[in-house]
Amino acid sequence: MYLRKLTVILGILAIGISRAQNVQSDLLDKKVVFIIVDGISADQLKTANTPYLDQIGRVGAYTDAYVGGGKGTYSETPTISAVGYNSLITGTWANKHNVWGNGIKAPNYNYPTIFRLYKDQNPSGTIGVFSSWLDNRTKLVGEGLDATGQIEVNHHFDGLEYDTINFPHDIRRNFMKLIDYTVADHAAETILREGPDLSWVYLEFSDDMGHGYGDSDRFTAAVEFEDYLVGKIWKAVEERRTEHKEEWLFVVTTDHGRTEEDGKHHGGQSDRERSTWIVTNSKDTNGYFNSKTPGVVDILPTIVDFLNIEVPQSVRREWDGVSLIQPVDAVDLRATKKGSHLEVSWEALSEGSGNLYMSSTNAFKNGGQDDYKLIETVQLEKGKLKIPLRKLSKGFCKLILETKNTTLNTWYVEE
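Definitions and cut-offs
- Residues numbered from 1 in each chain as written.
- Predicted model: local features only at pLDDT ≥ 70, side-chain atom pairs only at ≥ 80, totals over all residues.
- Heavy atoms only, no water.
- Axes fitted to C-alpha atoms, helices over the stretch in contact; angles between N-to-C directions.
- Helix = DSSP H or I, 4+ residues; strand = E, 2+ residues; numbered from the N terminus.
- Parallel < 35°, antiparallel > 145°, perpendicular 65-115°, else oblique.
- Left-handed = near helix turned anticlockwise from the far one by under 90°.
- Contact = heavy atoms within 4.5 Å.
- Phe/Tyr/Trp six-rings, centres within 6.5 Å; stacked < 30°, edge-to-face > 60°.
- Buried < 20%, exposed > 50% of the residue type's maximum accessible area, 1.4 Å probe, protein only.
- Lys NZ or Arg CZ within 6 Å of the ring centre and 35° of its normal.
- Pairing = 2+ DSSP bridges.
- Salt bridge = Lys/Arg side-chain N within 4 Å of Asp/Glu carboxyl O.

Undergrad: Before we move on, can you summarise the packing of helix H6 (residues 114–121) against helix H13 (residues 299–307) with the specific residues and values?
TA: Direction vectors running N to C along H6 and H13 enclose 20 degrees, while the axes themselves pass 10 Å from each other. By the angle class used here, H6 and H13 are roughly parallel. The chirality of how H6 crosses H13 is right-handed. Listed contacts from H13 to Ile114, Leu117 and Tyr118 of H6 are Leu300, Ile303, Val304 and Leu307.

Shown next, in the form of structure tokens:
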């Protein structure tokens, strides 16, 4: 009898300890750092010696990816640097976020960045931007602007491109190599010391070498140098994770590829200019990440899921990406005119049903709300639905497919 009671007591204690450990795991501070290393196509990355990116990929995962929106469609997006950055931080293509070049003339802040989404839910949370481009903070994140709710970047280190005393400009752009080193060093130090909740690090030198030397040993050396800088930041995250018992999501990607013929340019829609990649330390990548080719717009929903950010339905319905770490039921929603019908199609990744909605307005673009009507409940495995054109508003409509785990959107724009 004594032994039986002792066994029961020990069992109860074991359950209590297990539950306490699970609660402790749930209470771990979650933090994110994402890095954009400029202008490296997937094939160029694979030919370089990148021990740190390889290490991160072994901890988590690697995938080829893409930028540039829907080629030949309403969402086709220039493969240009600032355009790619904004596609990442808003989860939308250029037809929505309205950044079409590096001049960043008129961003549409109605499509909130990942920083705005985070700060709206966590006003006391901390964000960081470490970059060679001052515009990344002042124009894309939009620090202090009324249109972004006067968002504050708690930790920033940028604008060194204007410091010609400490970084005298030379024709071979070696000053940018020193700037990248300084930016990465400061980012690593700040992460280690302060542990911002959400950080963006941007490194430029590789793109400069691409423009100057194209496919060459010099460009490959630049990629390997950037890998070393990524390693500095990775080591800081790992030390921070161990010392402070934090859970970190680490994501590294690029903003565009390079031209087919010599690798000196970008901006167009060739396969190589659209070719990018994503490396992450996450062990929870889903089937979509592991078997398909994600887009840069998928990184924002992934960060949202990792940080458990609550996002209004109206915002989710505008995203052009899906999560890389949570279940995804379907991808690649399209609307194509075929005779007297509009064929709405998707690729099912699971069985089940979803609701297809339609709106004839695009009020969200101007800060308003769109009125969506349910068209039909569909079976995902069927992969398509035909809608008579007479049921559509002439010229334009927005379509939403919502399932248990996924929200997809597409536009129909009459040519």
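Undergrad: Go over the packing of aromatic side chains with me, naming the residues and quoting the values.
TA: In this structure the tally under the stated criterion is 13 aromatic pairs. Between the aromatic rings of Tyr85 and Tyr202, the centroid separation amounts to 4.9 Å while the plane-to-plane angle is 55 degrees, which identifies the pairing as tilted. With Tyr85 in helix H4 (residues 81–90) and Tyr202 in strand E5 (residues 198–203), this pair connects stretches of sequence that are 117 residues apart. With respect to burial, Tyr85 and Tyr202 carry one shared label: buried. Through a chain of ring-to-ring contacts, three or more aromatic side chains come together here, namely Phe34, Tyr85, Phe115, Trp133, Trp200 and Tyr202. It is Lys30 that lies over the ring of Phe306; its NZ or CZ is 5.0 Å from the centre. Seen from the ring of Tyr357, Arg317 lies directly overhead, with NZ or CZ sitting 4.9 Å from the centre.

Undergrad: Give me the sheet that holds strand E1 (residues 30–37): which residues, what numbers.
TA: Strand order in this open sheet of 7 strands is E2-E7-E6-E1-E5-E3-E4, and the pairing throughout is mixed. Only two strands of the sheet have a single partner each, and these edge strands are strand E2 (61–66) and strand E4 (155–157). Each neighbouring strand pair of the sheet contributes to a mean axis angle of 15 degrees, computed without reference to strand direction. As judged from the 7 bridges shared by E1 and strand E6 (residues 247–253), these two strands associate in the parallel manner. Bridged to Val32 within E6 is Leu249. Running at roughly 160 degrees to strand E3 (residues 127–130), H6 makes contact with E1, E3 and E5 of the sheet. Set on the sheet, helix H7 (residues 134–141) makes contact with E3, E4 and E5; between it and E5 the angle comes to about 130 degrees.

Undergrad: Explain the packing of helix H8 (residues 174–194) against helix H10 (residues 217–244) residue by residue, including any values.
TA: H10 packs onto H8 with a crossing angle of 10 degrees between their chain directions and a minimal axis gap of 7 Å. When the interaxial angle is binned, H8 and H10 end up roughly parallel. Here the hand of the crossing between H8 and H10 comes out right-handed. Taken together, the residues of H10 that come into contact with H8 (itself represented by Asn174, Lys177, Asp180, Tyr181, Ala184, Asp185, Ala188, Ile191, Leu192, Arg193 and Glu194) are Arg218, Phe225, Glu226, Tyr228, Leu229, Lys232, Ile233, Ala236, Val237, Glu239 and Arg240.

Undergrad: How would you explain the pattern of salt bridges if you had to name every residue and give the values?
TA: In this structure the tally under the stated criterion is 25 salt bridges. Taking the shortest distance from any N to any O, the salt bridge between Arg272 and Asp43 comes out at 2.9 Å. Placement of Arg272 in helix H11 (residues 271–274) and of Asp43 in helix H2 (residues 42–47) is noted, with a sequence separation of 229 residues between them. Here Arg272 falls in the buried class, since its relative accessible area comes to 11%. For Asp43, a relative accessible area of 34% corresponds to the partly exposed category. A salt bridge links Lys232 to Asp185, with the nearest nitrogen and oxygen atoms 3.1 Å apart. One end of the pair, Lys232, is in helix H10; the other, Asp185, is in helix H8, and 47 residues separate them in sequence. A relative accessible area of 33% places Asp185 in the partly exposed class. Residues participating in the shared-partner salt-bridge network are Lys96, Glu318, Asp320, Asp370 and Lys398.

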